[in-house]
Amino acid sequence: MAWIDDPPADALTASDRGRPVPLSTTTLDPAAARRLGTVTEALLTRLHAG
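Structure report, in brief. Because the structure is predicted, anything quoted here is derived from the model rather than measured. (Residues numbered from 1 in each chain as written. Predicted model: local features only at pLDDT ≥ 70, side-chain atom pairs only at ≥ 80, totals over all residues. Heavy atoms only, no water.)

Examining the overall build of the protein
Applicable threshold: Elements are defined by DSSP. Helices are runs of H or I of four residues or more, strands are runs of E of two residues or more, and each kind is numbered from the N terminus. Based on C-alpha atoms, the radius of gyration is set beside the globule rule, defined as 2.2 Å times the residue count to the power 0.38. Burial classes: relative accessible area under 20% of the type maximum marks a residue as buried, over 50% as exposed, and values in between as partly exposed (1.4 Å probe, protein chains only). Residue burial considers only the protein chains on display, and all accessible areas are found by Shrake-Rupley using a 1.4 Å probe.
The secondary structure content of the protein amounts to two helices and two strands. From first element to last, N terminus to C terminus, the protein shows the α and β order α-β-β-α. For the protein, whose C-alpha radius of gyration is 16 Å, the value lies well above the compact-globule estimate of 10 Å for 50 residues. The dimensions of the protein, computed from C-alpha atoms along their principal axes, are 45 × 25 × 20 Å. Taking all 50 residues of the protein together, the buried fraction comes to 2%. Of the roughly 4,700 Å² of accessible surface on the protein, a fraction of 61% belongs to carbon and sulfur atoms.

Structure (structure tokens):
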């Protein structure tokens, strides 16, 4: 909630339990996020197809 009252100055900021996370962290990699999104979508499609 503190970020609402006092937002960070940077355009993109990541944190983990209130501590800053470097944007170079591999878990923030855009390609990895796209792969995760693709896999998640496929799993949800299979789930809904029954």
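So, a nonpolar patch on the surface
Formally: A patch consists of residues exposed above 30% relative accessible area that lack any salt bridge, with like charges linked at up to 9 Å and nonpolar side chains (Val, Leu, Ile, Met, Phe, Trp, Tyr) linked at up to 5 Å. Here a salt bridge means any side-chain nitrogen of Lys or Arg lying within 4 Å of a carboxyl oxygen belonging to Asp or Glu.
A surface patch of nonpolar side chains, amounting to about 280 Å² of accessible area, comprises Leu12, Leu23 and Leu28. The residue Leu12 is located in the loop between helix H1 (2-5) and strand E1 (15-16) in this model.

Focus on unusual backbone geometry
Phi angles above zero are rare outside glycine, and Arg17 is one such case at about 55°. Given a relative accessible area of 69%, Arg17 falls into the exposed group.

Looking at the pattern of salt bridges
The final tally for this structure, using the stated rule, is one salt bridge. Across the salt bridge formed by Asp16 and Arg17, the nearest N and O atoms sit 2.9 Å from each other. Given a relative accessible area of 34%, Asp16 falls into the partly exposed group.

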